[in-house]
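Close look at the chain arrangement
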Amino acid sequence: MIGIFDSGFGGLTVFKEIKRALPKYDYIYLGDSLRSPYGGRTQETIHQFTQQAVDFLFKQGCQLVILACNTASSEALRKLQQEWLPAHHPERRILGVIRPLAEEAIKASRFGRIGVVGTKATVQSKAYEKELKHLKKEVKVYQQSAPLLVPLIEEGWLDKPETRMIIKKYLRPLKDAQIDSLILGCTHYPLLMKEFKRIAGKRVNVLNAPKIVADKLVDYLNRHPEIENKLTRNGQIKYLTTNSPEHFDELGSKFLGSPIKSAKVAL
Ligand code: DGL
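The structure contained in this document is the topic of the report that follows. The structure presented is a predicted model; accordingly, all values stated were derived computationally and were not measured. (Residues numbered from 1 in each chain as written. Predicted model: local features only at pLDDT ≥ 70, side-chain atom pairs only at ≥ 80, totals over all residues. Heavy atoms only, no water.)

Relative to the helices and strands, Ser-181 resides in strand 7 (residues 181–185). A polar contact of 2.7 Å, which involves the side chain of Ser-181, links it to the side chain of Asp-180. Other than its neighbours up to four places away in sequence, Ser-181 contacts Ala-105, Ala-108, Ser-109, Arg-113, Ile-114, Gly-115, Val-204 and Asn-205. (Helix = DSSP H or I, 4+ residues; strand = E, 2+ residues; numbered from the N terminus. Polar contact = N/O pair within 3.5 Å; in protein donor to acceptor, adjacent residues only side chain to side chain. Contact = heavy atoms within 4.5 Å.)

Structure representation (structure tokens):
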């Protein structure tokens, strides 16, 4: 089984592409909606919540867990991989979204000027900046936190002029810095992809994050048969939430693009 973890239902944008690319595997999607959003929380809290969620998914039988959440990937992944995993589950794996997106951004960037938008925690962690510079030292990275977008998207304000105005305001400093590529470093933002593209302008390459993460997972499984061999293949999907399943099903189906029937769990 493959576990997909997100702070809530935003990660369904990523899962939508993963299940399209790899339909034969069994999945558990876990959204910690009760404690979401993570984006304004401290590193310590994000780490603690993410560890609890991954532990839960391992206990359900997941061999591999993908942190679809940018905030959890930024603030918790490295420490979990380096300290917790070797001590408690040395044979299992946790992957995040930062590395795949950074790799693609470096490939896509023509002039080495890359913009990143995300939650406050993601931006403060500098996870994207560190990864991008690790891959290519001379790259210039311009970050912008966009905390108003998650609530607007969850309210369904996708086509509102107010939302467009706020995106414009957030992208202004990045456009002034003449970025050539833009990483949408948050699970929710792909729902505003059209607006981001229009406002960023033709010269900016806005990366399709969910598709990139899914493609990189296909590649990872090809390169790691020792993990791939352990995955069950019945095409079954379970959706779990830590809050009201009704709310999760209603909003989640918009993010996933198809109906959901979730169950409630406690972490
Ligand atoms: N899933 C989070 C992310 O990708 C956004 C929502 C939150 O702040 O929890 O950063």
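Turning to the sheet that holds strand 9 (residues 237–241), a few remarks are in order. Sheet architecture is open: six strands sit in the order 4-3-1-2-9-10, paired in parallel fashion. In the strand order of this sheet, the two ends are held by strand 4 (93–95) and strand 10 (262–264), each with one partner. Across the sheet, the mean angle from the axis of one strand to that of its neighbour is 25°, orientation sign disregarded. One ladder, built from three bridges, connects strand 3 (residues 64–67) with strand 4; its direction is parallel. Paired with Val-65 across the two strands is Ile-94, which belongs to strand 4. (Pairing = 2+ DSSP bridges. Axes fitted to C-alpha atoms, helices over the stretch in contact; angles between N-to-C directions.)

Let us look at the pairing of strand 9. As paired strands, strand 2 (residues 27–31) and strand 9 are joined by five bridges and run parallel to one another. Bridge pairing in strand 9 places Tyr-29 opposite Tyr-239. In this structure, strand 9 lies alongside strand 10, joined through three bridges in parallel fashion. Opposite Leu-240, over in strand 10, you have Ala-263 as the bridge partner. In terms of handedness, the path from strand 9 via helix 13 (residues 245–256) over to strand 10 forms a crossover that is right-handed. (Right-handed = clockwise from strand over helix to strand, strands pointing away.)

None of this, on its own, says anything about what the molecule does.
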